[in-house]
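# Architecture and fold: a report
Each chain, letter by letter, is given below.
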Amino acid sequence: MTTPLIEARDIRVTFDIRRASDLPWTEPPKLRAVNGVSFKLEQGKTLGIVGESGCGKSTLARALIRMLPAEGEVLWEGKTDLLTLSPRQMLKYRSDIQMIFQDPLASLDPRMTVGEIIAEPLRTHRPKMGRAARKEKVREMMEKVGLLPNQINRYPHEFSGGQCQRIGIARALVVEPKLLICDEPVSALDVSIQAQVIALLEDLRRDLGLTIIFIAHDLSVVRHVCDEVMVLYLGQMMEAGATEKLFTEPQHPYTQALLSAVPIPDPEVERNKTLIALEGDLPSPLNPPSGCPLRTRCPRASEICASKPPTEEVAGRQVFCHHPGPAAEVQAVLAES
Ligand SMILES: Nc1ncnc2c1ncn2[C@@H]1O[C@H](COP(=O)(O)OP(=O)(O)OP(=O)(O)O)[C@@H](O)[C@H]1O
Ligand code: SF4
Ligand SMILES: [Mg+2]
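Here is a short report on the structure shown in this document. Here the structure is a predicted model, which is why all the values come from computation and not from measurement.

### Topic: the packing of helix 3 (residues 114-125) against helix 5 (residues 161-173)
- Across the interface, helix 3 lies against helix 5 with an axial gap of 7 Å and an inter-helix angle of 30°. Taken together, the axis directions place helix 3 and helix 5 in an arrangement best described as roughly parallel. Judged by the sense of rotation from one axis to the other, the crossing of helix 3 with helix 5 is right-handed. For the pair formed by helix 3 and helix 5, the contact residues are V114, I117, I118, E120 and P121 on the first element and I167, A170 and R171 on the second.
- Here the contact of helix 3 with helix 5 is built from residues that sort into six nonpolar, no polar and two charged.

Spelled out as structure tokens, the structure:
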């Protein structure tokens, strides 16, 4: 088996939530935003991360690149644990892992020209590169992402949302990273522009052999773009595996509920899917249910769900559930028991 480009082992991120009313000497409440997530991603593959708002997608992404303190291990090319590196040692890997964000305009410095914005990572990571070579590289990148090189002296506010995202992509790719983390890269864009940006990312992935972590709400985009998918709920991995299998035969009640909630463009899948609805609202992440975090909303929950489920391989993927299986079958068995 090939060594994964990146392997996350048991990643945990906890925030201290101190409210104004808390006394300074008391222990602040803890919010476990990411609660023991693991995955492996091979070179050239795309991993989608999905789940409801607040489930920890962005926090996990930020933890991987040390934008947040985290516990666990992030093995890079099977050798280096990124979480143990000093900021100076980490600098070497920063150009290998780049990130693009949801709000393209907000993530670009309004005082810098497009040329300066795209050139900035080169100044940091390729300090020996001469001015002319840098400018040439920026122009080349602008062309690659569909921007006109004569726009190099313009400012971000002169561009549309879709164009700003192209600037963000050019800036991320100018240092030739191995891994690109896209945190909801198209959700702030109009639908027609979304398709263009997705197509651009796909072209770049193919041409540059990029490995991508793709965070999104839109399941049809994830299905189209990703080789593998990981479903998160309250900071915990619920189900993870090959995209097509996960979409056509989800084994976890939460995945089944997510897929029930959106029409799937494949008529075969849409016809055969069993509708699953979750009960109630998302619990507070400050006080999640013990055992399985889904148990207060899960139509399949039983007594055993008060204990933490194992993560097991079911139908060729990882499932975190006491009663995994296709919706119709498991519900029929549970109804009889
Ligand atoms: N800096 C922070 N301090 C305290 N809590 C935080 C912080 N950042 C995130 N959280 C909390 O951590 C949890 C996970 O947040 P996160 O932003 O990772 O979710 P998400 O899945 O990316 O959501 P969305 O889909 O809305 O972007 C949420 O409950 C959020 O309120
Ligand atoms: S462990 Fe129980 S509550 Fe959790 S998803 Fe599985 S069936 Fe539902
Ligand atoms: Mg987010």
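### Overview of the sheet that holds strand 6 (residues 97-100)
- If you trace the eight strands from one edge of the open sheet to the other, you get 6-7-8-3-9-10-12-11, paired in mixed fashion. The sheet is open, and its two edges are formed by strand 6 and strand 11 (311-314), each paired on a single side. Adjacent strand axes in the sheet meet at a mean angle of 20° when their direction is disregarded.

### What about the site of ligand 1?
- Around ligand 1, the structure places 15 residues, and the nearest of them are S53, G54, K57, S58 and T59.
- K57 is positioned with one of its side-chain polar atoms (N or O) 2.8 Å from an oxygen atom of ligand 1.
- S58 is positioned such that a nitrogen or oxygen atom in its side chain is 2.8 Å from an oxygen atom of ligand 1.
- Compared with its free state, where it exposes 630 Å², ligand 1 has 65% of that area covered by protein.
- Tallied by class, residues from the shell around ligand 1 come to six nonpolar, six polar and three charged.

### Things to note about the site of ligand 2
- Residues in contact with ligand 2 amount to 13 residues; listed here are only the nearest, C292, C298, C305, C321 and H322.
- The residue inventory of the shell around ligand 2, partitioned by class, reads eight nonpolar, three polar and two charged.

### Thoughts on the side chain of T46
- Tracing the sequence through the fold places T46 in strand 3 (residues 46-50).
- Using a relative accessible area of 0% as the deciding quantity, one classes T46 as buried.
- Here T46 is in contact with L41, R205, I212, F214, V225, C226, D227 and E228, once residues within four sequence places are set aside.

### Re the pairing of strand 12 (residues 317-320)
- For strand 10 (residues 236-242) and strand 12, the ladder comprises two bridges, and the chain directions are antiparallel. Paired with E239 across the two strands is V319, which belongs to strand 12.
- Examined bridge by bridge, strand 11 and strand 12 share four bridges and lie antiparallel to one another. In the strand pairing of strand 12, T311 is matched with F320.
- Hairpin connection between strand 11 and strand 12: a loop of two residues separates the two successive antiparallel strands, and A315 in this loop has a positive phi of roughly 50°.

### Considerations on the environment of I304
- Relative to the helices and strands, I304 resides in the loop between helix 10 (267-272) and strand 11.
- Taking the relative accessible area as the measure of exposure, I304 reaches 42% and is therefore partly exposed.
- Residue contacts for I304: discarding those within four places in its chain leaves H322 and H323.

### With respect to the packing of aromatic side chains
- Going through the model one piece at a time under the given rule, you end up with one aromatic pair.
- Measuring from centroid to centroid gives 4.7 Å for Y233 and Y254, while their planes differ by 55°, and the two rings are tilted. With a gap of 21 residues between them, Y233 in strand 9 (residues 228-233) and Y254 in helix 9 (residues 253-261) connect regions that are remote in the sequence. Neither residue differs from the other here; Y233 and Y254 are each classed as buried.

### Points about the sheet that holds strand 5 (residues 80-81)
- With antiparallel pairing, four strands are arranged side by side in an open sheet as 2-1-4-5. The open sheet is flanked by strand 2 (30-41) and strand 5, the only strands paired with a single partner.
- Of the pairings in the sheet, the one linking strand 4 (residues 71-76) to strand 5 comprises two bridges and is antiparallel in character. When the sheet's bridge partners are listed, W76 is paired in strand 5 with T80.
- Sheet strands in contact with helix 1 (residues 57-64) are strand 1 (6-16), strand 2 and strand 4, and its direction is about 115° off that of strand 1.

### Structural notes on the packing of helix 3 against helix 4 (residues 131-144)
- The contact between helix 3 and helix 4 brings their axes to 9 Å, and the two run at 115°. In the packing of helix 3 onto helix 4, the handedness of the crossing is right-handed. Between helix 3 and helix 4, the contacting residues are V114, G115, I118, A119, L122 and R123 on the first element and R134, K137, V138, M141 and M142 on the second.
- Of the residues assigned to the contact of helix 3 with helix 4, the class counts are seven nonpolar, one polar and three charged.

What counts and how
Residues numbered from 1 in each chain as written. Chains lettered and ligands numbered in written order. Predicted model: local features only at pLDDT ≥ 70, side-chain atom pairs only at ≥ 80, totals over all residues. Heavy atoms only, no water. Axes fitted to C-alpha atoms, helices over the stretch in contact; angles between N-to-C directions. Helix = DSSP H or I, 4+ residues; strand = E, 2+ residues; numbered from the N terminus. Parallel < 35°, antiparallel > 145°, perpendicular 65-115°, else oblique. Left-handed = near helix turned anticlockwise from the far one by under 90°. Contact = heavy atoms within 4.5 Å. Nonpolar A, V, L, I, M, F, W, Y, C, P; charged D, E, K, R; others polar. Pairing = 2+ DSSP bridges. Near = heavy atom within 4 Å. Polar contact = N/O pair within 3.5 Å; in protein donor to acceptor, adjacent residues only side chain to side chain. Areas by Shrake-Rupley, 256 points an atom, 1.4 Å probe, with all protein chains shown as cover. Buried < 20%, exposed > 50% of the residue type's maximum accessible area, 1.4 Å probe, protein only. Phe/Tyr/Trp six-rings, centres within 6.5 Å; stacked < 30°, edge-to-face > 60°.

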